[in-house]
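Breakdown of the fold
What follows is the residue order along each chain.
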Amino acid sequence: MSNSRLTRDNPLLSRPKIREIDLTESQTPSARKPIVSCEINFTTRLSSKVAGYVELGLAESTRRAYAADLAHFEAWGGTIPASDGTVASYIADQAELLSVATLCRRLATISKAHTTKGLTSPTSSELVKATIKGIKRSLGTAQTEARPLLKDDLFAMLDGTGNDIKSIRDRALLLVGFAGGFRRSELVGLDAEDIKLVRRGIIVQLRWSKTDQLGAGRKIAIPYGRTRWCPVSALDTWLSLSAIERGALFRCIDRYGQIRNQRLSGEAVALVLRERLAKTGIDPAGYSGHSLRAGLVTSAAMAGASTWKIRAQTGHASDAMLARYVRDSDMFTSNAAGAIL
């Protein structure tokens, strides 16, 4: 790797951990209308300096979710403050349209909108509790899980890629995403400055994540591969051909094969994955951007890796968070029916 873009003296440059946020604006033009009567306001009686920090205490994605939830409640006919009867009617009306998980999030948002104004939350009433309990019993609480992309399917998919610039980018994207056990937002949020070459592979400086909104950061090691598809080599090839030295690591490519100075979105990870699966002849249904992360956990568990080693790679807070992946991968090990049939 004499001409490698992954150099040992590549500095890990710092970036601002907190961005200025405006609750009344979003990244898309269609969402730039202010939420008038349902805005969560922490700051009406605080100094501007204190108010600024309080507002930044919420992650941008959380603020957008709050605003969207309250806008939906208001469009339905709700107001803040709301009675428990109104809230119960709202979730009952939406029970056939929204998932249980979404309804619970809406209740949490409505509760937050009340408590931050010093009001008693109607969601704590027995009426609302009984209503959501009945909805859960009626519809069930199981969440749709992304299908894990296992190592063999990943390799089969990569075997079908070519040598064009998009294929080179996609190989690096998928292999780094899988090997690092990254969430899609973490993967597309990486910058070239976050990558450092060491003797045994690369170290990725993850500066923020869904569970690290304060930006404490952590480091993830991705070793050189021992199989035909090495994530370190794939990333080095992408960086060498793209000449990316700073800024977004994974970028958009237009129809003419030109690399644009635009970071890939989280949704693009799922689109790339499904497109490559379909070209391989694998049904892409059920796969999402989370499939890379789930695939690493499941594949590592099947290979006998310890849960604490898997957690060190993925950043899961506890073994309980890994339980469903490990359990699913271990279902056929010492299976009771297999022992007698």
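Residues numbered from 1 in each chain as written. Predicted model: local features only at pLDDT ≥ 70, side-chain atom pairs only at ≥ 80, totals over all residues. Heavy atoms only, no water.

Looking at the overall build of the chain
Of the regular secondary structure elements, the chain holds 13 helices and five strands. Buried residues in the chain amount to 41% of all 341 residues. Relative to all contacts within the chain whose residues are 6 or more apart in sequence, the contacts with residues 24 or more apart total 62%. Taken as a whole, the chain presents about 19200 Å² of accessible surface, with 52% of it coming from carbon and sulfur. (Helix = DSSP H or I, 4+ residues; strand = E, 2+ residues; numbered from the N terminus. Buried < 20%, exposed > 50% of the residue type's maximum accessible area, 1.4 Å probe, protein only. Contact = heavy atoms within 4.5 Å. Areas by Shrake-Rupley, 256 points an atom, 1.4 Å probe, with all protein chains shown as cover.)

A closer look at the packing of aromatic side chains
Scanning all chains against the criterion turns up three aromatic pairs. Seen from their ring centres, Phe73 and Tyr90 are 5.0 Å apart, and the 75 degrees between their planes marks the pair as edge-to-face. Of this pair, Phe73 sits in helix H2 (residues 60–76) while Tyr90 is found in helix H3 (residues 84–94), placing the two residues 17 residues apart along the sequence. Of the two residues examined, Phe73 and Tyr90, each falls in the buried class. Between Trp76 and Tyr90, the ring centres sit 5.3 Å apart and the planes meet at 65 degrees, which makes this aromatic pair edge-to-face. In this pair, Trp76 is assigned in helix H2 and Tyr90 in helix H3, connecting sequence segments 14 residues apart. (Phe/Tyr/Trp six-rings, centres within 6.5 Å; stacked < 30°, edge-to-face > 60°.)

Looking at the sheet that holds strand S2 (residues 201–206)
Taken in spatial order, the three strands line up as S1-S2-S3 in an open sheet, and their pairing is antiparallel. The open sheet terminates on both sides in strands that have one partner only, identified here as strand S1 (195–198) and strand S3 (218–223). Averaged over all pairs of adjacent strands, the angle between strand axes in this sheet comes to 25 degrees, irrespective of strand direction. Direction of pairing for S2 relative to S3: antiparallel, over a ladder of six bridges. In the strand pairing of S3, Gln205 is matched with Lys219. (Pairing = 2+ DSSP bridges. Axes fitted to C-alpha atoms, helices over the stretch in contact; angles between N-to-C directions.)

Considerations on helix H7 (residues 165–180)
Taking 1.5 Å per residue, 16 residues should reach 22 Å; H7 reaches 22 Å between its end C-alpha atoms and fits that length. Burial runs high along H7: 14 of the 16 residues are buried. (Expected span 1.5 Å × (residues − 1).)

A look at the confidence of the model for the chain
For the chain, per-residue confidence averages 80 on the pLDDT scale, and 73% of positions sit at 70 or higher. Low pLDDT, under 50, characterises residues 7–39; the predicted model gives this stretch 55 contacts beyond four residues in sequence or across chains. (pLDDT = per-residue confidence, 0-100.)

Thoughts on helix H12 (residues 307–314)
Because an α-helix completes one turn every 3.6 residues, residues spaced three or four positions apart along the sequence face the same direction. Three or more residues of H12 are buried, namely Ile310, Gln313 and Thr314. In an axial view of H12, the angular spread of the buried residues amounts to 85 degrees, which keeps them on one side of the axis. Two residues or fewer after H12 comes Gly315, characterised by a positive phi angle close to 85 degrees. (Arc of directions from axis to C-beta.)

Topic: the environment of Lys279
Within the secondary structure layout, Lys279 lies in helix H10 (residues 266–280). Sequence separation between Lys279 and Met157 is 122 residues, and the spatial gap between their C-alpha atoms is 7.8 Å.

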